[in-house]
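# Close look at the chain arrangement
Below, each chain spelled out in residue letters.
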Amino acid sequence: MKAAVFHKPGTIQVDQVEDPRIQEGGDVILRVTATAICGSDLHIFSGAVPQTNPMVMGHEFMGIVEEVGPAVKNLKKGDRVVVPFPIACGKCFFCSHGASPHCENSNYEHYGPDGGLTGQKGGALFGYTDLYGGYSGGQAEYVRVPYADISPRVVPENLTDEQALFLTDIFPTGWSAIDWAQLKGGETVAIFGSGPVGLMAQKAAWLKGAGRVIAIDPLDYRLEKAREVNKVETLNPREVDVVEALRSMTGGRGADVCVDAVGFEPERNFLDKVKATINFEKGSMKVIEMCLRAVRRGGTVSIVGVYGTPYDNFPVHRMFDKAITIHQGQAPVLNYVDELIGLVKEDKVVLDDIITHTLPLAEASKGYELFDKKEDDCVKVVLKP
Ligand SMILES: NC(=O)c1ccc[n+]([C@@H]2O[C@H](COP(=O)([O-])OP(=O)(O)OC[C@H]3O[C@@H](n4cnc5c(N)ncnc54)[C@H](O)[C@@H]3O)[C@@H](O)[C@H]2O)c1
Ligand SMILES: [Zn+2]
Ligand SMILES: [Zn+2]
């Protein structure tokens, strides 16, 4: 089959690889009908999240069940499903406590309590490095889905692939960021990053009763997209001091909730880079720092942008003095996916309005280039095998 294979930083190409096959009784093989490139894939593409062996990329995918393992009870050949990105056994301590990204069984070799830099990680993710389980991803014609009774969800017939695809990751991820903040209604929510995850968090903020939603991004075309599809207010950090602007928009207090939907590879100036080099840091935590400054006392900061390395000078003093609540991590997609399918099915939210590029899988390399370099006003790339 054909698949988008990571070879080395900057090189993801479509190769002919072996077809996946059933390995465990609980597996299914999916024929992929739609798959997307995620900002998380860009951390591998840039080399910041390390991977040495060639690997089939992709954790946002859906498709038709082609082959069913003997132990699978809930799916049959021909079912059309979306697949949440964390690989979860459904039975271990964390799976049974609503924390499926921390599944104790799916990441057999590299799982551990430590969460270290290279040694111990949480549960496995599709197509997301050997450290996260070494499973082939879904930017391919076919994909093996383990524990198939647990995560895949049958898609309502009235939904197109494009309407359903983002239930695998970015909509539940944006939703988690807002759900963690437990809005009561009327809050001001500032969302750093207006890429696919930020745009989904904006949608979630409105659905959960925010009074004001403010998008922050250095790319004007992404802010324009946010205004167009989500009717939010916008701030560009290249033009204004975002922290000061947010304070002056909120009576001097700061936003009730700040969301980091950027992660450890933000836009950086020369000084930021020098600081990182001196501190032996990879990437930057400047967006977390901005969130901690821009949030009001007693407010919540939700971090869904990915962080993979330690940082010195962590502003713990500000967290303490302001009594800030912080939530973060891989999104527990399974906790939300059924509710969110309902919202899409009932037309309470539109998800496919962020897609700017639909390409054949054969053009995956071009998709990565466009999305990584933010060319051609690219916001979200969908690949069709
Ligand atoms: N926690 C999870 O489960 C989960 C799931 C999906 C994605 N992610 C992570 O979420 C992050 C965003 O993903 P995405 O798909 O939207 O990627 P993306 O790279 O398209 O979006 C990031 C956006 O942040 C903007 N940005 C850069 N510097 C900024 C700054 N200083 N202030 C404000 N905005 C800034 C960029 O211009 C870009 O629009 C990534 O780190 C990704 O790995 C996490
Ligand atoms: Zn993703
Ligand atoms: Zn588990």
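All of the points below concern the structure found in this document. Residue numbers restart at each chain and count upward from 1, following the sequence in its written direction. Starting at A for chains and at 1 for ligands, labels are handed out in the order in which the entities are written. The model is predicted, so local features are restricted to residues of pLDDT at least 70 and side-chain atom pairs to those at 80 or more, both for listing and for counting; the totals for chains, interfaces and linings are taken over all residues.

As a further point, take the overall build of the protein chain. Each helix and strand counted, the protein chain has 11 helices and 18 strands in total. Against the globule reference of 21 Å for 385 residues, the protein chain gives a C-alpha radius of gyration of 20 Å, in line with a compact fold. For the C-alpha atoms alone, the extent of the protein chain along its principal axes is close to 60 × 50 × 45 Å. To sort residues by burial, count the other C-beta atoms lying within 10 Å of each one's C-beta; a count of 20 or more means buried, 12 or fewer means exposed, and anything in between means partly exposed. C-beta atoms are built from the backbone. Counting only residues that meet the buried cut, the protein chain has 51% of its 385 residues in that class. The contact criterion used here is simple: two residues whose C-beta atoms, placed from the backbone, lie within 7 Å are in contact. Once local pairs closer than 6 in sequence are excluded, the contacts in the protein chain between residues at least 24 apart make up 71%. The way it works is that DSSP assigns letters per residue, a run of H or I at least four long becomes a helix, a run of E at least two long becomes a strand, and they are numbered from the N terminus. Our radius of gyration looks at C-alpha atoms and nothing else; its globule reference is 2.2 Å times the residue count to the power 0.38.

Around ligand 1 sit 32 residues, and of these Gly39, Gly193, Gly195, Gly263 and Pro266 come closest. Looking at the shell around ligand 1, the elements with two or more residues in it are helix 1 (39-45), helix 3 (170-179) and helix 4 (196-207). With four residues, the single largest contributor to the shell around ligand 1 is helix 1. Residue-level mapping places the shell around ligand 1 at the junction of two domains, with at least three residues from each of domain 1 (2-169 + 331-384) and domain 2 (170-328). Any residue whose backbone-placed C-beta atom lies within 6 Å of a molecule or strand is treated as near that molecule or strand. A domain assignment, automatic or from a database, supplies the domain bounds used here.

Glancing now at the sheet that holds strand 12 (residues 212-216). A pair of strands counts as paired when DSSP detects no fewer than two bridges linking them. If you trace the six strands from one edge of the open sheet to the other, you get 13-12-11-14-15-16, paired in parallel fashion. The open sheet has two edge strands, strand 13 (233-235) and strand 16 (325-328), and neither has a second partner. Direction aside, neighbouring strands of the sheet carry axes that sit 20° apart on average. Helix axes are fitted to C-alpha atoms over the stretch in contact, other axes to C-alpha atoms as well, and angles between N-to-C directions run from 0 to 180 degrees. Here helix 4 sits on the sheet and contacts strand 11 (188-192), strand 12 and strand 14 (255-260); the angle it forms with strand 12, its principal contact strand, is near 175°.

Attention now goes to the sheet that holds strand 2 (residues 11-16). Ordered in space as 2-1-4, the three strands form an open sheet in which the pairing is antiparallel. Two strands bound the open sheet, and with one partner strand each, they are strand 2 and strand 4 (55-56). Relative to strand 4, strand 1 (residues 2-8) runs antiparallel, the two being bridged by two bridges. When the bridges of strand 4 are listed, Phe6 appears paired with Met55. Of the strands in this sheet, strand 1 and strand 2 touch helix 11 (residues 364-373), which is tilted by about 165° from strand 2.

Moving on, we get to the environment of Ile288. One can find Ile288 in helix 8 (residues 286-294). Since 26 C-beta atoms lie within 10 Å of it, Ile288 is described here as buried. Once the C-alpha coordinates of Ile288 and Ala34 are considered, the two residues, 254 residues apart in sequence, prove to be 33 Å apart. If sequence neighbours within four positions are ignored, Ile288 has contacts with Asp260 and Ile303.

Here we take up helix 6 (residues 242-249). The α-helix advances 3.6 residues per turn, and as a result positions three or four apart in sequence lie on the same side. Every buried residue of helix 6 is accounted for by Val242, Val243 and Leu246. The buried residues of helix 6 occupy an angular sector of 100° when projected down its axis, which confines them to one face. For helix 6, the exposed residues lying more than 90 degrees away from the buried face are Glu244 and Ser248. In the core, the buried residues of helix 6 are packed alongside strand 11, strand 12, strand 13, strand 14 and helix 8. Two residues or fewer after helix 6 comes Gly251, characterised by a positive phi angle close to 60°. The arc in question is the one spanned by the directions pointing from the helix axis to the C-beta atoms.

Next up on the list: the environment of Met290. Tracing the sequence through the fold places Met290 in helix 8. Classification of Met290 as buried rests on a count of 23 C-beta atoms within 10 Å. Between the alpha carbons of Met290 and Phe192 there is a distance of 8.9 Å; along the sequence they are 98 residues apart. Setting aside residues up to four positions removed in sequence, Met290 forms contacts with Phe192, Val242 and Val243.

Of all nine residues in strand 15 (residues 295-303), seven are buried, a share of seventy percent or more. Strand direction decides the pairing type here: strand 14 and strand 15, joined by five bridges, are parallel. The residue of strand 15 that forms the bridge with Cys258 is Val301. Two strands pair when backbone bridges link them, and strand 15 and strand 16 are joined in this way by four bridges, in the parallel orientation. By the bridge assignment for strand 16, Ser302 is matched with His327. If the strands point away from the viewer and the path from the first strand over the helix to the second runs clockwise, then the crossover is right-handed. Regarding the hand of the β-α-β motif, the stretch spanning strand 15, helix 9 (residues 316-322) and strand 16 is right-handed.

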